[in-house]
Amino acid sequence: MVKAKVEAKEAGSALISQKDMLDRENKYLQRMQDVSVSCGFIKDAISEFERLEGEKAREDHWEHYIRCDGLPRPYLPPEMRTFLAEKRHYQLFDYNHSVDWTLSVDERTILSQDIFRTDKTRNAMKQTLDDHIGDRFQRDVFMFLDTLMKIECMLDNNAEMSRISFEKQMEIMEVRKELEQEIDGIFDRLTYRIIRMDNVYMDSNDAIVATWGHNCDRFAIDIWGLRNVPIRFNELLAPLMVAELPNVGVSVQMPLSVLHDCLTLRCIHTLFDNYSQYAKSFDPMIPESIKDLTAGIIDIEDCLANEWLMQLDIQEELLESMLQKREAYEEAVRIIAEKTEKAAKEKKANEGKKTKAVVIPKPPKEPPAVPPGMLPDAYSTFLEREQQEYLDLLDQLYNPQNLKLMLDEINLRQYILLGGLYSIMFVRRPANTHFEKFNIILHEDGRILHTMENLVADLRPKQEDTSRRGSRLSQRASNVSSRSKSRMHLKMDQQKRKTTMLEDDELPYFFVTLHLPKELCMWGEPVVCQYMSHMQEVVSDNSLVEEKKESFAIKKKKSKGESFKRSLLEERQSMFTKVVRKATVENVFRPTLISMLRHSRIQMPGVWTAPIRNFPLDKQLTHLEIRQLERYGIPRVISSFKFPMEVRAELEQLGAASRPKNRNMLIRRRSADIEDTIDFGYIDFSFKDQHAPERVFPVFSDVETVMYRDESFLEEYTDEKNMYGLLNLFEKIRTEYNTQYVAIMNQADFQMKKADKTKKTAVVPVTEIRPLSVVGRPKSVVNKRDSRQSSIRGSHLGLNVSQSNSRTGSSFHMVDNSSGEDLLTEQVSSVVYEEKEEKPKVKVVHWTTQHIISSKFNRSARTMTVRTDRLGIFGLAFKRYEHFPFRDWSMQPNEENPDEILLTVDTFHARIVLYISAQGVRGYVTDIVKGYVAKPVKYLDIPTPISDFRVLRKKLYDKGINIFAEHDASYYIDNGYFSVKHVATEDHTYDAMALHCKLMKFYRSSWNRLASRRNILLCMKNAKDQSDYTEVTIRITPDSATFVEVSELCSDDLDVIKLDFKNTWRNMANYTDLHQTINSMNPHATDVRNKDALLLFRIKRMLSEIHLMSYS
């Protein structure tokens, strides 16, 4: 592409003619038309796929109706709540009608000689009357998990969710949370039924410890407890007590400080995770305002249009800047000429006289002029700005520092929890007494299981413990002798001697040993963490709005500044009108539906639901606008609300009362022109002006929630002269009233302190500045009000105390004042009033290592030993991107089955082979080898195709493998080089690969990871061609695609890699994308393309989820 550029004489600024700019615009139009060909094939396939998905959804609904499996339909929240109620009812019915089978035991029946006798011994009755309680609760848990899986599938299906209203979507999310909580409730009810009658379900070998366990595919549970027998814990040999839990693969060594009678420990190992999604760092909140940024546009046509329009905007800025600089230069030259002429005249007039010389400024450097018909070339500036916008966007949305995590917190964007969760907790057992023919159980709190989450090991030293006479546990700890420990150590076998902690500094702690599966011990090292909650200060939404408002105002000021020579700019804008900006574009960084629903539950009321349009309030309103203002605005007005007119009337009344009255009876009429008027300024709605009595604990009625439209949301949300701004202001006032009682209850008391007699101090009030809404009020009015309040608050102290405008009270500081010495000595030395305003806090949950003292990972023994001072919910956090970046990859047709595509990915540790077909994805995971292996080791084998992408992802996660990259993966990959590519170009390349997957073989180029973001390097050849000499390297950019040979150039900077691209003989024409390059190699490529919509969609989604171009 030839560019006609004119170099400026001095500044070297590149210029381009208007004709060349029109040619560029035509070329952009031609590119958009070229890429629309392959995009059309993809859109047709996606439409066909959506049609097939709709038919499949209808078939699934019909199969669900025929199956009658008892599961509710996920799109009907009432049906799911009915399902919950039924399960609770049947569990309660079973609970009330359960009978202790041990009451039927009669060991004497075996002594009878009757041949028709009934064996009622304990072993026989246990086999006959055992109700298999674990299997019954397992069925209920499986049904809840299947329902949750159906909800997840529905939330991931856009066709299904498009038919559901936003209110119902929010209700589905609430029911989803209820189902998750019900699973925990089922485990609690199961545990309570087991421990309330330990003789019925629990087994005991030594009459001291009783155990019960259950194991299945999705969870395992073990209950370990001490029998109701007397035990002298201080006489036990070290280790005092070790709970072996075989079903979950956990052993817990307990310290002496937590041991007591009837101690019960429950451990649940779940292979599903219902906790992490509520953690602090799981899903960062992404604003919807990023949808218009060019960096994240996923459609190549929209991206090309936006990039061209962005170049035009930059060109307009450059042109305006050049014209302004030229105008400033000409003005400076004119001033210099005038001063030079003036100096010459003064010199001529004052010849021979000494006069002060006129200072002539130094002429500035001449900026380049813009000749007629020329425009600045903005392409290089566009590349820099587009790259910087992309980096700023990633930094704003995904920078780990924005999460504000503590050092002990686990970042779930960087780590992933694998291997399931271990819930290890002490539970409180109800008191029970067994008799021969009946038993008595003392239930409490409605038969609810109480977990002892606050049970912490006593870590105080022995010297401090022995000095405390009231602590029986510390006295027991001091009685454990080293001789008993050594004697117990000799009795142990070698295996227990290695796994038991007997040192003095180890005995006060819990030691939890987790036995891990083989696949979790092969790659990476896990970090043990606990799921805990803490109180965190609430970030005010008002401050965020103010920051956004300020940033928007700055941008608005920059973008709408007065330009120079507007006629020239308008003429230029009217020239390039062929490329039109679309109203809405799809952005890859937009928040997902699940993320929006999850964050919408914690938003301020009145922000997210019923959509309304914005309209200005400073005009004559229509009937519909008045109705909307009445419907959404009036219910948000509190009962004691004062409107601006009422505030103004009060101020005028106070101002009139404060004027001096005439003592004479005669009234002199004054002219209206000389009448004294007080300008109160513009008074708007404000919480500061609301002084009418309101309830201390405000309980406002529910209002209809509102969803603001997306267009120019930030400006409209902060402008108080339109509908959005007014509703936002009303919500702020309600929120202030909701939180006002906290400040009232947290007021600090007056503290009387004696001041230093050597320093003369007095109390002086600290006044606050009133907001802009009260500017212009008469000073006398404000002073009168303040003096009245101060007399009430400070009269009993004999001090002139001034009341400040803060809601929480007054604030004072001490200053030197010699005249106030007598007053201070007579009344009080000084008053120090320190006011601490406590900010509102909210409960935040997270995964943390705060209470993990130490951990030891034994890869050969496949165990993880944790030293901690408390039990809880434990998880194993692995690096999410341990297998990144990819060493190699290739995609080609399967020789054995032409309807399958073979995708091979060599990760950092293993090789993954996937066979993708229209039915689903199958494959296996093995070691990375160069040669042929007859029987490779398979760490994971998927023999049958899996159509659900979530199931495939979970199967890989269960084996400790992750090949799916999120948008923030670049912040957490540290195993090697990679280069994140241009979003739209990468996505369009995957479209072409999926379109021609049956004809071509694609594989990795070793130069790709060194290329820049807007350059994708890809190798390919014909799939049936066995020769290595026919392979080609393609360079793909957003503008074009070319056949190249790549080499590296020398660079002075070691951190900068420069690549040289040399075009080959295959570039017979100008190619726009990968589709055109493939057609140049195979003229019949379009006719033999992949026409299977399901296969094309599965390949496209797999490539898009893995991001082969960015991380290989």
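Everything numeric here is computed off the predicted structure, so don't read it as measured data.

Caption draft 1: The sheet that holds strand β10 (residues 415-427), seen in detail. With antiparallel pairing, 8 strands are arranged side by side in an open sheet as β3-β4-β5-β8-β10-β24-β14-β21. At either margin of the open sheet sits one strand with a lone partner, and together these are β3 (203-204) and β21 (841-848). Strand direction decides the pairing type here: strand β14 (residues 527-537) and β21, joined by 8 bridges, are antiparallel. Note on β21: the bridge partner recorded for Y531 is W847.

Caption draft 2: Up close: the packing of aromatic side chains. All chains considered together, the criterion is met by 19 aromatic pairs. Through a chain of ring-to-ring contacts, three or more aromatic side chains come together here, namely Y881, F884, F886, F978 and Y1111. R922 extends its terminal NZ or CZ atom over the ring of Y915, reaching a point 4.3 Å from the ring centre. Over the aromatic face of F1061 sits the side chain of R1035, whose NZ or CZ is 4.2 Å from the ring centroid.

Caption draft 3: Fine view of the sheet that holds strand β13 (residues 510-515). With antiparallel pairing, 5 strands are arranged side by side in an open sheet as β6-β7-β13-β23-β22. Bordering the open sheet on either side are β6 (241-245) and β22 (852-858), each of which pairs with just one other strand. Here the strands of the sheet are splayed against their neighbours by 15° on average, with no regard to which way each runs. Pairing of β13 with strand β23 (residues 863-868) involves 6 bridges; the strand directions are antiparallel. Bridge assignment links F510 to a residue of β23, and that residue is T868.

Caption draft 4: Just the pairing of strand β26 (residues 901-906), in detail. Within β26, 6 of the 6 residues are buried, which leaves the element mostly enclosed by the surrounding structure. In terms of strand pairing, strand β25 (residues 888-893) meets β26 through 6 bridges, oriented antiparallel. When the sheet's bridge partners are listed, W889 is paired in β26 with V905. Sheet analysis places β26 next to strand β27 (residues 911-917), joined by 6 bridges and oriented antiparallel. In the strand pairing of β27, V905 is matched with I912. Linking two consecutive strands that pair antiparallel, namely β26 and β27, is a turn of 4 residues.

Cut-offs and rules
Residues numbered from 1 in each chain as written. Predicted model: local features only at pLDDT ≥ 70, side-chain atom pairs only at ≥ 80, totals over all residues. Heavy atoms only, no water. Pairing = 2+ DSSP bridges. Helix = DSSP H or I, 4+ residues; strand = E, 2+ residues; numbered from the N terminus. Phe/Tyr/Trp six-rings, centres within 6.5 Å; stacked < 30°, edge-to-face > 60°. Lys NZ or Arg CZ within 6 Å of the ring centre and 35° of its normal. Axes fitted to C-alpha atoms, helices over the stretch in contact; angles between N-to-C directions. Buried < 20%, exposed > 50% of the residue type's maximum accessible area, 1.4 Å probe, protein only.

From the geometry alone we can't say anything about function, so treat these as descriptive.
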